[in-house]
Amino acid sequence: MPEEIEVPTEHLHEKMEEEAHEAKADRAWISRVAVSSAVLAVAAAITALLASHHADEAILEEMQATDQWSFYQAKGIKLAILQGNVEQMQADGKQVAPERTAKVEKYQTEMKAIEEKGHELEESSESHMHHHVWFARGVTAFQIAIAMGAIAVLARRPRLWLLSLALGLGGGTGLVLGFM
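Residues numbered from 1 in each chain as written. Predicted model: local features only at pLDDT ≥ 70, side-chain atom pairs only at ≥ 80, totals over all residues. Heavy atoms only, no water.

Time to look at unusual backbone geometry. We note that Arg156 has phi near 55 degrees; this positive angle belongs to a residue other than glycine. Inspection of the secondary structure puts Arg156 in the loop between α2 (98-155) and α3 (158-179). You can call Arg156 partly exposed: its relative accessible area is 44%. (Helix = DSSP H or I, 4+ residues; strand = E, 2+ residues; numbered from the N terminus. Buried < 20%, exposed > 50% of the residue type's maximum accessible area, 1.4 Å probe, protein only.)

Once that is clear, we can look at the pattern of salt bridges. One pass over the full model with this rule turns up 3 salt bridges. The closest approach of N and O atoms between Glu110 and Lys106, which form a salt bridge, is 3.8 Å. Residue Glu110 and its partner Lys106 are both found in helix α2; the two are separated by 4 residues, about one turn of the helix. In this structure Glu110 comes out as partly exposed when scored by relative accessible area, which is 23%. The class of Lys106 is partly exposed, set by a relative accessible area of 47%. One continuous salt-bridge network, built from bridges that share partners, spans Lys75, Lys106 and Glu110. (Salt bridge = Lys/Arg side-chain N within 4 Å of Asp/Glu carboxyl O.)

Where nonpolar side chains cluster on the molecular surface, the patch consists of Ile59, Leu60 and Met63 and spans about 290 Å² of accessible area. Of note, Met63 is situated in helix α1 (residues 10-91). (Patch = residues over 30% accessible without salt bridge, like charges linked within 9 Å, V, L, I, M, F, W, Y side chains within 5 Å. Areas by Shrake-Rupley, 256 points an atom, 1.4 Å probe, with all protein chains shown as cover.)

Counted at 1.5 Å a residue, the expected span for α3 with its 22 residues is 32 Å, and the 32 Å between its end C-alpha atoms agrees. Within the sequence span of α3, burial applies to Trp161, Ser164, Gly168, Gly171, Gly174, Leu175 and Gly178. The buried residues of α3 occupy an angular sector of 115 degrees when projected down its axis, which confines them to one face. Residues of α3 that are exposed and angled more than 90 degrees away from the buried face: Arg159, Leu162 and Leu169. (Expected span 1.5 Å × (residues − 1). Arc of directions from axis to C-beta.)

Quick look at the structure:
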């Protein structure tokens, strides 16, 4: 009967244990990347909503400002016609009714209020656009960070994950600056 050949398996067992340990460490790292990417996705969603809100407000207030300036022009035309009539009456030596003079003063007062409201709306619109720009930058940084996290896992490159986290901090900076 032939002798049984004994195969040394100690090396094989060691290699299997090393591989199992590495796989466990890999799963833990992938889990951390997944959690960080999920947190970045939530932050990106919130930041995107804020960016959209401020863009919408900027547009609406700019439209309202345009309406105010149209109203201002209409009042200005009425005032010019009324003042022209008053001046013509005075040039003809006619008595100007006090109601007309009062109406001129009323138009001038109304125009001043309309002008102030127009400037206020323009400033508010610009402020909303400033916030929007920072929030939009934050969203972009968050999105790139999420993509870098996915690439880090696919390429098995922890340094890319660190880059992802750094970009996430950049997105957080955009979020914070958007509130200022």
